Amino acid sequence: MEKNLTSGSVFKNIVFFSLPYLLAYFLQTLYGMADLFIVGQYYGVSSITAVSVGSQVMHMLTVMIVGLAMGSTVTIGKAVGAGKSRQASIAACNTVTLFMGISIVITVVLLIFVKPIVSVMSTPAQAAAGTVSYLTICFIGIPFITAYNIISSIFRGLGDSKSPMYFIAVACVFNIALDYLFIGIFDLGASGAALGTTLSQAISVVISLFVILRRKTGGALEKGYFKPQSKIMGQILKIGIPVALQDGFIQIAFIVITIIANRRGLNDAAAVGIVEKIIGVVFLVPSTMLSTVSALSAQNIGAGKHKRATLTLWYAILTTVGFGVMVSIIVQFISEPIVGMFTGDDKVILLGGQYLRGYIWDCIFAGMHFCFSGYFCAYGLSGISFLHNVLSIICVRIPGAYLASRYFADTLFPMGLAAPGGSLLSVIICVIAFIWRRSVYAQRRFGEEIYRHADTVKRTNRHDK
């Protein structure tokens, strides 16, 4: 079950770890994409908007859970890198205890406030009822969503990125089949999309647990390991909370931008919702590299191989920037046909194409700061990631989108540019933080060398006397 990633080619480890991770992310993204696509085939703009708004809320919750689980991945990864298998098992079991408790609380709270949430989103009146139904069903399924993501974080911390890919592949197949069943045959609309998503997640969790037991890995999951340990949970939360908050703020920024678009009208709301789904696919590579850098760097840090951890960062940045440049250029020529895959409304296609052309450049800059965030998290410095994301949101993303919406009423292109503008600020902050950390680390090493040299001289003098 464990796989040590502290030896061999750094680039090779990145490739072999990230490819299954990338495919798993892609399949997970297909959840929302499939819901939106299938609903669009059977219903009009109001249903598309209901699913896009509802799925954006669910995406926010999911990425916050994934961000919190980053603490588990890093904690387990460091234990594996240091050769402490028992410590890794205790961290994995404490993760289960912690997250399942959190998921139950979140489920109850969100079910109580589902209607206020839909209202805060400024959901168009035509789509409000469908959005409430969609979110109610999805909120009930939060424990299953949480269970899948914590199982995935545990496996990845152990160096296994393939098993989560298989689990999500099963869920994706069931989701698409159930969507056609509930939406196409039973005519349940947005509620059918939510049912398909929730049930497929539940099936995925059941299958993943069955596989774990069949592999006979239960010996590493002793009953006593599930007892909460403040030190382990403290480590998980210390890393995970800033990441979860950062991801939450990012999604809040997306929601605020969605609200701005919703107030422009139903066509603008549908266009922004569709493009957010498309961007979710494009951002699979940067998101994969963030998690890859954190998992691989954590193991190397645990093994005391700091140069390999830094080399992992640089290879990941080169990969994401190259991908971002290529995709950004290509999308400038095919943005409308891409949006047209999800709707036949000419106005929505036009507006979506404009928004996508501006937004897509974010793939370059976000890819860079995602990699830095993964590196900082591996060192337990997730507060830096939280800081640069909050500053980019407050200083650029939201004000930029608002001003663009106000002064460019006939096009969504300037609104799209707010995202890469915010990520550029994040990159600048990350570079400054990286240089600062290296400087502090170098000074500390220099001080340790001086101390050791002075101690050696002192002991030598004593010996001579």
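Everything that follows concerns the structure shown earlier in this document.
Values in this document were obtained by computation on a predicted structure and should not be read as measured data.

Caption draft 1: Representation of the overall build of the protein. Along the protein, the regular secondary structure elements total 16 helices and zero strands. Taking 23 Å as the expected radius of gyration for a compact globule of 465 residues, we find that the protein reaches 23 Å, a close match to that expectation. Oriented by its inertia axes, the alpha-carbon framework of the protein measures out at about 90 × 50 × 40 Å. Here the protein, with 465 residues, has 55% of them falling under the buried criterion. A separation threshold of at least 6 residues defines the contact pool for the protein, and within that pool the share at least 24 residues apart is 84%. Averaging the coordinates of the 34 positive side-chain charges in the protein and doing the same for the 18 negative ones gives two points 14 Å apart.

Caption draft 2: Fine view of the packing of helix 10 (residues 266-282) against helix 13 (residues 346-359). In contact at an axis separation of 8 Å, helix 10 and helix 13 are set at 45 degrees when each is read in the N-to-C sense. Classed by the angle they form, the pair helix 10 and helix 13 counts as oblique. Of the two elements, helix 10 crosses helix 13, and the hand of that crossing is right-handed. Across the interface between the two elements, Asn267, Asp268, Ala270, Ala271, Val272, Ile274, Val275, Glu276, Ile278 and Ile279 from helix 10 touch Lys347, Val348, Leu351, Gly352, Tyr355, Leu356 and Tyr359 from helix 13. Here the residues of the contact of helix 10 with helix 13 sort into 12 nonpolar, two polar and three charged.

Caption draft 3: View of the side chain of threonine 73. As for its position among the elements, threonine 73 is in helix 2 (residues 45-81). Look at threonine 73 and you get buried, because its relative accessible area is 7%. Contacts of threonine 73, omitting those with residues within four sequence positions, involve Ser153, Arg156, Gly157 and Ala295.

Caption draft 4: Representation of helix 12 (residues 306-340). Its 35 residues place the ends of helix 12 47 Å apart at the C-alpha level, agreeing with the 51 Å of an ideal helix rising 1.5 Å per residue. Along helix 12, the largest kink reaches about 75 degrees and is centred on isoleucine 334; proline proline 337 follows within four residues of it.

Caption draft 5: Region of interest: the packing of aromatic side chains. In the structure shown here, the tally under the stated rule is 12 aromatic pairs. Both rings, one in phenylalanine 372 and one in phenylalanine 376, keep their centres 6.1 Å apart while their planes meet at 25 degrees; by these two values the pair is stacked. Linking phenylalanine 372 with phenylalanine 376, this pair stays in helix 14 (residues 362-378), spanning four residues, or about one helical turn. There is no split in this pair, since phenylalanine 372 and phenylalanine 376 are both buried. Connected via pairs of aromatic rings, a cluster forms that spans Trp314, Phe372, Tyr375, Phe376, Tyr379 and Phe434. For arginine 437, the ring lying beneath its charged end belongs to tyrosine 379, and the centroid distance is 4.3 Å.

Each value, and the rule that gives it
- Residues numbered from 1 in each chain as written.
- Predicted model: local features only at pLDDT ≥ 70, side-chain atom pairs only at ≥ 80, totals over all residues.
- Heavy atoms only, no water.
- Helix = DSSP H or I, 4+ residues; strand = E, 2+ residues; numbered from the N terminus.
- Rg over C-alpha atoms; globule rule 2.2 N^0.38 Å.
- Buried < 20%, exposed > 50% of the residue type's maximum accessible area, 1.4 Å probe, protein only.
- Contact = heavy atoms within 4.5 Å.
- Lys, Arg positive; Asp, Glu negative; His and termini not counted.
- Charge placed at Lys NZ, Arg CZ, Asp CG, Glu CD.
- Axes fitted to C-alpha atoms, helices over the stretch in contact; angles between N-to-C directions.
- Parallel < 35°, antiparallel > 145°, perpendicular 65-115°, else oblique.
- Left-handed = near helix turned anticlockwise from the far one by under 90°.
- Nonpolar A, V, L, I, M, F, W, Y, C, P; charged D, E, K, R; others polar.
- Expected span 1.5 Å × (residues − 1).
- Bend = angle between axes of the 7 residues up to and from the residue.
- Phe/Tyr/Trp six-rings, centres within 6.5 Å; stacked < 30°, edge-to-face > 60°.
- Lys NZ or Arg CZ within 6 Å of the ring centre and 35° of its normal.

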